[in-house]
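# Survey of secondary and tertiary structure
Spelled out, the chains give:
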Amino acid sequence: MGLLSGTSADAVEAALCEITGTGGGARLRLLSHVSLPFPPDLVTRILGSQDARSLSQLDFELGEYFARAALQAIEQAGLSPSDVSAIGSHGQTMAHHPPGAADIPSTLQIGEPAIIAERTGLPVISDFRTRDVAAGGHGAPLVPYFDWVAFRSPEAPRALLNIGGISNVSIIGARLEDTLAFDTGPGNMVLDGLARRVSQGRLPCDVDGTLSRQGKVIPELLTELLADAFLSRPPPKSTGRERYGDTLVERLWTRYPDRPHDVMATALELTVESIARAYETWGAPRAPSLEAMYVSGGGTRNPRLMERLEARLAPLPLRRLDTLGFPEGAKEAALFALLAAEYLVGTPANVPSATGAKRRVVLGKLTP
């Protein structure tokens, strides 16, 4: 079982998988996928400021939601908890300070694994990012290992793009050590924050691209946003809410109070352009004969975003991940099912070429 709540903090994704083998020989079959939305007040608290007391309480409260999603996915598959070997839970990221962004690199995910273990009766592997950080890496992205195991092709390299709160891309070929993967910059995070303000809290995101489609790009603002140092930094690199979260959203909102839809259109173009430039700068030179770019994540449900991205990347084919036979909504949760399976057999599952770690390490900590 894999569990995940992404940087958008909107739901727990649970994926139950049958996994055989390990490393390059691993094979994965999806048995069920459940998405359990968080209530709006919980989303507000996750995205809000924290002290030690509120963070501690949120840790245990989120554990209950994660456990509930796991049990629902088991039931949906027509199985019982005794049929499941282990749960791999990513948790909810509350802080991410990679090398270069802080004097002491660190990362923090919550969603108490002891609660999940107690409610489900299953061992839980969690805290997947911290060992990579301890080994000198960013602790992100972790998804290229799954991309390589599940989607590599012997014919040509592929790009796997995930547009969540943050966008990340993996370029995979036959050998894991040749994998290039990194965060490209904002995905839906800035758009989500602006949508909540435009709709006065009624909408959690730019539903169907309707809000951003009403506006026009503000050229000088887009130029300014694209000048952000993170976007021109070479991989390995990762980012998060600290850079593209509520502080940035509030700055944009107060700067253009009378142009909300234009700001949203600009934020959408920031996502599109940062992805395209990242591919052109670092991806295309590494893999000039790319088969296609396969897209997953919440961004695929924004038709305006997909239209603009397809036009900007042309003639490179842009395809939904579903065309490879795997439901795109289940991908990242399935990653943590795979990482849990690799933990159980002691197989290192980080990708140093992506995270910058000094060596490959086994990821995760066990709660019996």
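Please refer to the structure placed before this passage.
All values reported here derive from a predicted model rather than from experimental measurement. Note on numbering: residues in each chain are counted from 1, in written sequence order. For a predicted model such as this one, the threshold for reporting local features is a pLDDT of at least 70, and the threshold for listing and counting side-chain atom pairs is 80 or more; totals across whole chains, interfaces and linings nevertheless cover every residue. Each side-chain value is worked out from all heavy atoms of the structure, with water and hydrogens disregarded.

## Examining helix H3 (residues 113-120)
Residue exposure (1.4 Å probe, protein chains only): buried if accessible area is under 20% of the type maximum, exposed if over 50%, otherwise partly exposed. The helix count covers DSSP runs of H or I at least four residues long, the strand count covers runs of E at least two residues long, and both are numbered beginning at the N terminus. Within H3, burial applies to Pro-113, Ile-115, Ile-116, Ala-117 and Thr-120. Contacts are assigned to residue pairs that have any heavy atoms within 4.5 Å of one another. Those residues of H3 that are buried are in contact with strand S1 (2-5), helix H2 (52-76), strand S4 (87-97), strand S6 (124-126) and strand S12 (365-367).

## What about the pattern of salt bridges?
Take a side-chain nitrogen of Lys or Arg and a carboxyl oxygen of Asp or Glu: if they are within 4 Å of each other, that pair is a salt bridge. Considering all chains together, one arrives at 23 salt bridges under this definition. Here Arg-197 and Glu-250 are joined by a salt bridge, their closest N and O atoms 3.0 Å apart. Remark: Glu-250 occurs in helix H11 (residues 246-255) and Arg-197 occurs in helix H6 (residues 189-198); sequence separation between them is 53 residues. Look at Glu-250 and you get partly exposed, because its relative accessible area is 33%. One salt bridge connects Glu-224 with Arg-255, and the closest N-O pair in it is separated by 2.9 Å. Residue Glu-224 is found in helix H8 (residues 219-226), and its partner Arg-255 is found in helix H11; the two are separated by 31 residues along the sequence. On the basis of relative accessible area, Glu-224 is assigned to the partly exposed category, the value being 34%. The exposure class of Arg-255 is partly exposed, given its relative accessible area of 38%. Three or more residues are tied together by salt bridges with common partners; here these are Glu-273, Arg-277, Glu-280 and Arg-312.

## Considering the packing of H2 against H3
Orientation is described by axes fitted as lines to C-alpha atoms, over the contacting stretch for helices, and by angles from 0 to 180 degrees between their N-to-C directions. Two elements in contact, H2 and H3, have axes whose closest approach is 8 Å; the angle formed by their N-to-C orientations is 40 degrees. When the interaxial angle is binned, H2 and H3 end up oblique. Judged by the sense of rotation from one axis to the other, the crossing of H2 with H3 is right-handed. Across from Phe-60, Gly-63, Glu-64, Phe-66, Ala-67, Ala-70 and Leu-71 in H2, the residues of H3 making contact are Ile-115, Ile-116, Arg-119 and Thr-120. Looking at the contact of H2 with H3, its residues break down into seven nonpolar, two polar and two charged. Small angles under 35 degrees read as roughly parallel and large ones over 145 as roughly antiparallel, with 65 to 115 read as roughly perpendicular and the rest as oblique. The crossing is said to be left-handed when, going from far helix to near helix, the turn is anticlockwise and less than a right angle, and right-handed when the turn is clockwise. Lys, Arg, Asp and Glu make up the charged group, whereas Ala, Val, Leu, Ile, Met, Phe, Trp, Tyr, Cys and Pro make up the nonpolar group; the residues left over, Gly among them, are polar.

## Focus: the nonpolar core
In this structure, Leu-161, Val-190, Tyr-244, Met-293 and Leu-309 are the most contacted members of the largest nonpolar core, which totals 47 residues. Here the element with the most residues in this core is helix H12 (residues 260-286); it accounts for eleven residues. Sequence-distant contacts of Val-190, that is, excluding residues within four places in its chain, are made with Tyr-244, Leu-248, Val-249, Leu-252 and Ala-267. The next biggest cluster of nonpolar side chains, apart from the first, holds 38 residues, and it includes Val-143, Val-149, Leu-321 and Leu-363. In these notes, a set of buried Ala, Val, Leu, Ile, Met, Phe, Trp, Tyr and Cys residues joined through side-chain atoms within 4.5 Å is what counts as a nonpolar core.

## Remarks on unusual backbone geometry
Residue Pro-235 is joined to Pro-236 through a cis peptide bond whose omega torsion reads 5 degrees. Of note in the backbone geometry, Asp-127 takes a positive phi value of approximately 55 degrees without being a glycine. As for its placement among the helices and strands, Asp-127 is situated in the loop between S6 and helix H4 (130-134). For Gln-200, which is not glycine, the phi torsion reads 55 degrees and is therefore positive. Inspection of the secondary structure puts Gln-200 in the loop between H6 and helix H7 (210-213).

## What about the pairing of strand S2 (residues 11-20)?
Of all ten residues making up S2, seven are buried, and the element is well covered by its neighbours. At least two bridges found by DSSP between two strands is the condition for calling them paired. Pairing of S1 with S2 involves three bridges; the strand directions are antiparallel. Paired with Gly-2 across the strands is Ala-15, a residue of S2. Joining the antiparallel neighbours S1 and S2 is a turn of five residues, in which Ala-9 adopts a positive phi near 55 degrees. Pairing geometry for S2 and strand S3 (residues 27-37), over ten bridges, is antiparallel. Residue pairing in the sheet places Cys-17 in a bridge with Leu-30 of S3.

## Structural notes on the sheet that holds strand S7 (residues 158-163)
Taking strand neighbours across the sheet as the criterion, the five strands line up as S9-S8-S7-S10-S11 in an open arrangement whose pairing is mixed. Every other strand in the sheet has two partners, leaving strand S9 (180-186) and strand S11 (318-320) as the edge strands with one partner each. Averaged over all adjacent pairs, the angle separating strand axes in this sheet is 25 degrees, with direction ignored. Direction of pairing for strand S8 (residues 166-172) relative to S9: antiparallel, over a ladder of six bridges. From the neighbouring strand, Ser-167 faces S9, where its bridge partner is Gly-185. Packed onto the sheet, helix H13 (residues 303-313) meets S7, strand S10 (293-296) and S11 and runs at close to 145 degrees relative to S11.

## Things to note about the layout of surface pockets
Summary: where empty space remains is shown by rolling a probe the size of a single water molecule over the atoms. Of the voids in this model, the second largest pocket is the one considered here, and its volume is about 320 Å³. Of all the secondary structure elements, the ones that give two or more residues to the lining of the second largest pocket are S2 and helix H14 (331-345). Within the lining of the second largest pocket, the residues separate by chemical class into 13 nonpolar, three polar and two charged. The way it works is a 1 Å grid over only the protein atoms, where trapped points that fit a 1.4 Å probe form a cavity and open points with protein on both sides within 12 Å along at least five of seven lines form a pocket, and then any residue with an atom within 4 Å of a point lines it. Grid points are joined across faces, edges and corners, and a volume is the space filled by probe spheres set on the points.

## A look at the packing of aromatic side chains
Put simply, two rings from Phe, Tyr or Trp (the six-membered ring, in Trp's case) pair if the centres are within 6.5 Å, and we call them stacked under 30 degrees between planes, edge-to-face over 60, tilted for the rest. Per the stated rule, a full pass over the model turns up seven aromatic pairs. Ring centres of Phe-38 and Tyr-65 lie 5.6 Å apart, and the angle between their planes is 85 degrees; this geometry places the pair in the edge-to-face category. Here Tyr-65 lies in helix H2 and Phe-38 lies in the loop between S3 and helix H1 (40-47), a separation of 27 residues in the sequence. This pair shows no difference in class: Phe-38 is buried, exactly as Tyr-65 is.

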